[in-house]
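Notes for the structure review
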There are 2 protein chains.
Amino acid sequence: MTDPASDGACVATGPGGATLRRLNLRADANGSLAYAEVGSGLPFTPKRMFTVWDVPSGAVRGRHAHRTCQQFLVCTHGSIRVQVEGREGDMEFILDSPHLGLYLPPMVWAELRGHSQGATLLVLASHAYDESDYIRDHGVFLAEIHRT
Amino acid sequence: MTDPASDGACVATGPGGATLRRLNLRADANGSLAYAEVGSGLPFTPKRMFTVWDVPSGAVRGRHAHRTCQQFLVCTHGSIRVQVEGREGDMEFILDSPHLGLYLPPMVWAELRGHSQGATLLVLASHAYDESDYIRDHGVFLAEIHRT
């Protein structure tokens, strides 16, 4: 089944400019394929990718913001809840299909929890790893977003 | 557990310059994280991403080569067998961990089969989608690789 009406559509907008997007989808009897290209569903050119898996139930991951790095999150198996906080407040997104992508701009705080059994997260990032780009102190994050 | 000795290492080389790579890994009690950056594990800048899932057992996917597009395949859940063919012959790679990435240069023929229950494939591609870049006829592929 092809659903061109939904291709690359933004389905929810959250704090700090975070957006949940429905990826382009092509599905038939041989399987489902969801895709995004730079300029069509993917808002930046990735320089880094990582996957996260084997996360125990009860664990919380993330708990940081980036000063400049943009990220695009896809839960490729299972489901994960992502709490996103920006200047306007916070909002929870549920990633439960490879068909969904969550775009996180810089300066949003994200916490990931509720990993189902076997949940796997893919993250595409706009920049190479740079520890100085991370804000890991929530108090520092709040001070910075309310100062600007 | 961190295994710096294996970070980004090439663990097998196949026909046409295909290479199986062990991604950089960071694992602890909160889960496992495998990563690659452009220039460190990822041999090109991605312009496109897609995921493939819900593939029935017995199905064969792929069955094409690209003239210019490079690809990087990661099985983010379950396992998939990838048969790669180049001028030198063919070779089968087994992708059974998000910790492994298979780099496919242009002008290799790839067929994917043996998808386990719940298997999910991530592909990063060096170019935007262009149907004219695909060689979908195996005879044409063989003629082209043996002509050059």
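Predicted, not measured: the structure shown is a model, and the values here were computed from it.

Here is what the cut-offs are and how they apply
Residues numbered from 1 in each chain as written. Chains lettered and ligands numbered in written order. Predicted model: local features only at pLDDT ≥ 70, side-chain atom pairs only at ≥ 80, totals over all residues. Heavy atoms only, no water. Helix = DSSP H or I, 4+ residues; strand = E, 2+ residues; numbered from the N terminus. Rg over C-alpha atoms; globule rule 2.2 N^0.38 Å. Buried < 20%, exposed > 50% of the residue type's maximum accessible area, 1.4 Å probe, protein only. Contact = heavy atoms within 4.5 Å. Salt bridge = Lys/Arg side-chain N within 4 Å of Asp/Glu carboxyl O. Pairing = 2+ DSSP bridges. Phe/Tyr/Trp six-rings, centres within 6.5 Å; stacked < 30°, edge-to-face > 60°. Buried area = accessible area lost by both parts, 1.4 Å probe. Polar contact = N/O pair within 3.5 Å; in protein donor to acceptor, adjacent residues only side chain to side chain. Nonpolar A, V, L, I, M, F, W, Y, C, P; charged D, E, K, R; others polar. Axes fitted to C-alpha atoms, helices over the stretch in contact; angles between N-to-C directions.

1. Here we look at the overall build of chain A
The helix and strand tally for chain A stands at 1 helix and 14 strands. On C-alpha atoms alone, chain A measures out to a radius of gyration of 15 Å, which is about the 15 Å that the 2.2 N^0.38 rule sets for 148 residues. Here the C-alpha coordinates of chain A stretch approximately 50 × 35 × 30 Å along the principal axes. Looking at chain A as a whole, 53% of its 148 residues qualify as buried. Taking contacts inside chain A between residues at least 6 apart in sequence as the whole, the part at least 24 apart equals 72%.

2. Notes on the pattern of salt bridges
Enumeration over the complete set of coordinates arrives at 8 salt bridges over all chains. Of the charged contacts in the structure, one is a salt bridge between R81 of chain A and E92 of chain A, with a shortest N-O distance of 3.2 Å. A residue pair is termed long-range when its members are at least 10 positions apart, and R81 of chain A in strand β9 (residues 80–86) and E92 of chain A in strand β10 (residues 89–95) qualify at 11 residues. Here R113 of chain B ties to E111 of chain B by a salt bridge, and the two come within 2.9 Å at their closest N and O atoms. Classification of E111 of chain B as buried rests on a relative accessible area of 17%.

3. Some thoughts on the pairing of strand β6 (residues 48–53) of chain A
Within β6 of chain A, 6 of the 6 residues are buried, which leaves it mostly tucked inside the rest of the structure. Neither face of β6 of chain A is open: one carries R48, F50 and V52 of chain A, the other M49, T51 and W53 of chain A, and all of them are buried. Relative to strand β13 (residues 120–125) of chain A, β6 of chain A runs antiparallel, the two being bridged by 5 bridges. Bridging across to β13 of chain A, M49 of chain A finds its partner in L124 of chain A. Pairing analysis gives 6 bridges linking β6 of chain A to strand β4 (residues 31–38) of chain B, with the strands arranged antiparallel. By the bridge assignment for β4 of chain B, W53 of chain A is matched with S32 of chain B.

4. Things to note about the packing of aromatic side chains
Evaluation of the coordinates by the stated rule reveals 6 aromatic pairs over all chains. Here the aromatic rings of Y129 of chain A and Y134 of chain A are separated by 5.6 Å at their centres, their planes lie at 50 degrees, and the arrangement is tilted. The partly exposed category is assigned to Y129 of chain A, whose relative accessible area is 44%. Accessibility expressed as a relative area gives 13% for Y134 of chain A, which makes it buried. Note on W109 of chain B and F141 of chain B: the rings are 5.5 Å apart at their centroids and 40 degrees apart in plane angle, and the pair reads as tilted. Of this pair, W109 of chain B sits in strand β12 (residues 109–113) while F141 of chain B sits in helix α1 (residues 138–147), placing them 32 residues apart in sequence.

5. Focus: unusual backbone geometry
Although it is not a glycine, D54 of chain A adopts a positive phi angle of roughly 55 degrees. Counting through the fold element by element, D54 of chain A comes out in the loop between β6 and β7 (61–66). Since its relative accessible area comes to 56%, D54 of chain A is described here as exposed. One non-glycine residue, R63 of chain B, lies in the positive phi region at around 60 degrees. With respect to the secondary-structure elements, R63 of chain B resides in strand β7 (residues 61–66).

6. Concerning the interface of chain B and chain A
Taken together, the contact between chain B and chain A spans 40 residues of the former and 40 residues of the latter. When chain B packs against chain A, close to 3100 Å² is buried across both sides, 62% of that on carbon and sulfur atoms. Its largest share of buried area at the contact with chain A, chain B owes to N30, M49 and W53 of chain B, together 21% of the area lost on that side. Summed over the shared surface of chain B and chain A, the result is 0 salt bridges. Our count for the contact surface shared by chain B and chain A stands at 17 residue pairs in polar contact (both at pLDDT 80 or more). Going through the elements one at a time, β3 (24–28), β4, β6 (48–53), β8 (71–77) and β13 (120–125) of chain B are the ones with two or more residues in the side of chain B that touches chain A. A total of 8 residues in the side of chain B that touches chain A trace back to one element, the largest contributor, which is β4 of chain B. When the residues that make up the side of chain B that touches chain A are grouped by side-chain class, the tally is 23 nonpolar, 11 polar and 6 charged.

7. As for the sheet that holds strand β12 (residues 109–113) of chain A
Taking strand neighbours across the sheet as the criterion, the 5 strands line up as β10-β9-β12-β7-β14 (chain A) in an open arrangement whose pairing is antiparallel. Each having just a single partner strand, β10 and β14 (134–135) of chain A make up the two edges of the open sheet.

8. Structural notes on the sheet that holds β12 of chain B
All names here are of chain B. Within the open sheet, the 5 strands sit side by side as β10-β9-β12-β7-β14. Their pairing is antiparallel. Every other strand in the sheet has two partners, leaving β10 (89–95) and β14 (134–135) as the edge strands with one partner each. With 7 bridges connecting them, strand β9 (residues 80–86) and β10 associate as antiparallel partners. Bridging across to β10, Q83 finds its partner in E92. Here α1 sits on the sheet in contact with β7, β9, β12 and β14, set at roughly 45 degrees to β9.

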